[in-house]
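Below, each chain spelled out in residue letters.
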There are 2 protein chains.
Amino acid sequence: MNVKCKIWFEKNGGVAFAEGRRMLLEAVDRLGSLNAAAKELGMSYRAAWGKIKATEKALGIKLLEVTTGGKGGGGATLTPDARELIRKFEKYTNRMNLLMEREFKNIFDKKKS
Amino acid sequence: MNVKCKIWFEKNGGVAFAEGRRMLLEAVDRLGSLNAAAKELGMSYRAAWGKIKATEKALGIKLLEVTTGGKGGGGATLTPDARELIRKFEKYTNRMNLLMEREFKNIFDKKKS
DNA sequence: CAGCGTTATGCCTTATATGATATAACTCCT
DNA sequence: AGGAGTTATATCATATAAGGCATAACGCTG
């Protein structure tokens with residue numbers, strides 16, 4: 001048996017941002033396209049777009065700067081808000097994962113507790 | 001925006017035990033009956049029973065000592081394994097909730113990070 | 001001006017988790 | 001013996017979320 005923990009940001013009670021969406025944004029940043037990011041993660045464009053929209057609506061911020069048409073058909077890049085969101089999420093989850101492991105050992109490895 | 005965290009125990013990749021089930025077991029312990037516990041938590045007996053079974057199967061342990069028929073129709077009490085599970089879960093989640101709050105302030109209240 | 005590769009989005013299907021319904025079995029009590 | 005109140009479990013219904021399908025718009029490029 002082991003312990004798991006899912007961390008997410010929320011606003012007004014709905015899940016707004018978690019690991020899956022962090023990965024999606026990271027891929028968009030790297031590839032310059034939501035479509036390409038979706039493909040890389042093995043999901044449809046529709047699904048990826050839906051997740052982005054859901055987060056934008058929940059948090060009330062804009063995540064992607066997009067262009068349609070033109071060279072290469074268009075593309076998407078991250079807004080500064082999106083970058084900040086990613087950075088804080090990473091920092092928080094990294095720290096919590098470390099603490100989780102430590103506490104787990106504390107409580108489950110001791111002979112008496 | 002705020003951070004939430006769901007903590008659960010798992011084995012072989014499936015959710016085995018989390019807050020809802022902890023509450024259910026606690027109610028069984030207090031009331032001496034799964035049926036009564038289910039009613040108190042506003043769920044059907046069927047639903048409560050399903051959760052218990054799922055956890056027992058996932059962890060491979062027995063949670064309830066039950067009797068059917070007899071005085072009052074029967075009843076259920078917690079096994080020692082169930083008590084230990086509850087105790088460890090409570091200890092772990094209490095500790096983690098404390099740490100979560102502390103880290104949240106660390107990362108989100110600072111001017112620079 | 002047609003084609004290509006994007007973003008954009010409404011509609012409808014489908015997958016999944018959840019719970020309701022129904023039925024059986026058990027044992028003490030009257 | 002019958003009733004009360006519980007556990008036990010299979011089957012069926014349903015609510016909800018996730019995503020597929022279809023279609024449109026956009027603007028460079030050849």
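Check the entry above for the structure.
The text that follows walks through the structure, step by step, so that each part is easy to find.

Rules used throughout
- Residues numbered from 1 in each chain as written.
- Chains lettered and ligands numbered in written order.
- Predicted model: local features only at pLDDT ≥ 70, side-chain atom pairs only at ≥ 80, totals over all residues.
- Heavy atoms only, no water.
- Near = heavy atom within 4 Å.
- Polar contact = N/O pair within 3.5 Å; in protein donor to acceptor, adjacent residues only side chain to side chain.
- Helix = DSSP H or I, 4+ residues; strand = E, 2+ residues; numbered from the N terminus.
- Nonpolar A, V, L, I, M, F, W, Y, C, P; charged D, E, K, R; others polar.
- Phe/Tyr/Trp six-rings, centres within 6.5 Å; stacked < 30°, edge-to-face > 60°.
- Buried < 20%, exposed > 50% of the residue type's maximum accessible area, 1.4 Å probe, protein only.
- Disulfide = S-S within 2.5 Å.
- Least-squares fit on C-alpha atoms with pLDDT ≥ 70 in both.
- Contact = heavy atoms within 4.5 Å.

Of all residues adjacent to DNA strand C, which total 23 residues, the nearest are Leu34, Tyr45 and Arg46 of chain A together with Ser44 and Gly70 of chain B. Restricting attention to atoms of DNA strand C within 4 Å of the protein, one finds that 61% of them are sugar or phosphate atoms. One of the backbone nitrogen or oxygen atoms of asparagine 35 of chain A is found 2.9 Å away from a phosphate oxygen of DNA strand C. Arginine 46 of chain B places a polar side-chain atom, nitrogen or oxygen, 3.3 Å from a base nitrogen of DNA strand C. Considering each element in turn, the surface near DNA strand C owes the most residues, four residues, to helix α3 (residues 45-59) of chain A. Per-class residue counts for the surface near DNA strand C are six nonpolar, twelve polar and five charged.

Attention now goes to the packing of aromatic side chains. Overall, the coordinates contain eight aromatic pairs over all chains when judged by the stated rule. Taking 5.2 Å as the distance between ring centres and 80° as the angle between the ring planes, the aromatic pair formed by phenylalanine 9 of chain B and phenylalanine 89 of chain B counts as edge-to-face. Taken together, the positions of phenylalanine 9 of chain B in strand β1 (residues 2-11) and phenylalanine 89 of chain B in helix α4 (residues 80-108) put the pair 80 residues apart, joining distant regions of the chain. Judged by relative accessible area, phenylalanine 89 of chain B falls into the buried class, the value being 1%. Grouped by ring-pair contacts, the aromatic residues Phe9, Phe17 and Phe89 of chain A constitute a single cluster.

Throughout the structure, instances matching the rule amount to one disulfide over all chains. Here cysteine 5 of chain A engages in a disulfide with cysteine 5 of chain B; their sulfurs sit 2.3 Å apart. Residues cysteine 5 of chain A and cysteine 5 of chain B are joined through a disulfide that is left-handed, its torsion about the S-S bond being -135°. Taken together, the positions of cysteine 5 of chain A in strand β1 (residues 2-11) and cysteine 5 of chain B in strand β1 put the pair across two chains. Each member of the pair, cysteine 5 of chain A together with cysteine 5 of chain B, is buried.

As a further point, take the relation of the copies chain B and chain A. Each copy of the sequence occupies a distinct position, and chain B is placed on chain A by a rotation of 180° and an axial shift of 0.0 Å, giving an RMSD of 0.1 Å. What the rotation and shift describe, once combined, is the action of a two-fold rotation axis. Scanning chain B for the C-alpha nearest the rotation axis identifies lysine 6 of chain B, at a separation of 2.7 Å. Interface overlap between copies: 100% of the residues of chain B at the interface are likewise at the interface in chain A, consistent with a symmetric, same-surface contact.

Near DNA strand D, the surroundings consist of 23 residues, among which Ser44 and Gly70 of chain A together with Leu34, Asn35 and Tyr45 of chain B are the closest. Atoms of DNA strand D within 4 Å of the protein: sugar and phosphate make up 65%, bases the balance. Contact between DNA strand D and lysine 51 of chain A: a phosphate oxygen at 3.3 Å from a side-chain N or O atom of the residue. Here a sugar or linking oxygen of DNA strand D and a backbone polar atom of glycine 72 of chain B are 3.2 Å apart.

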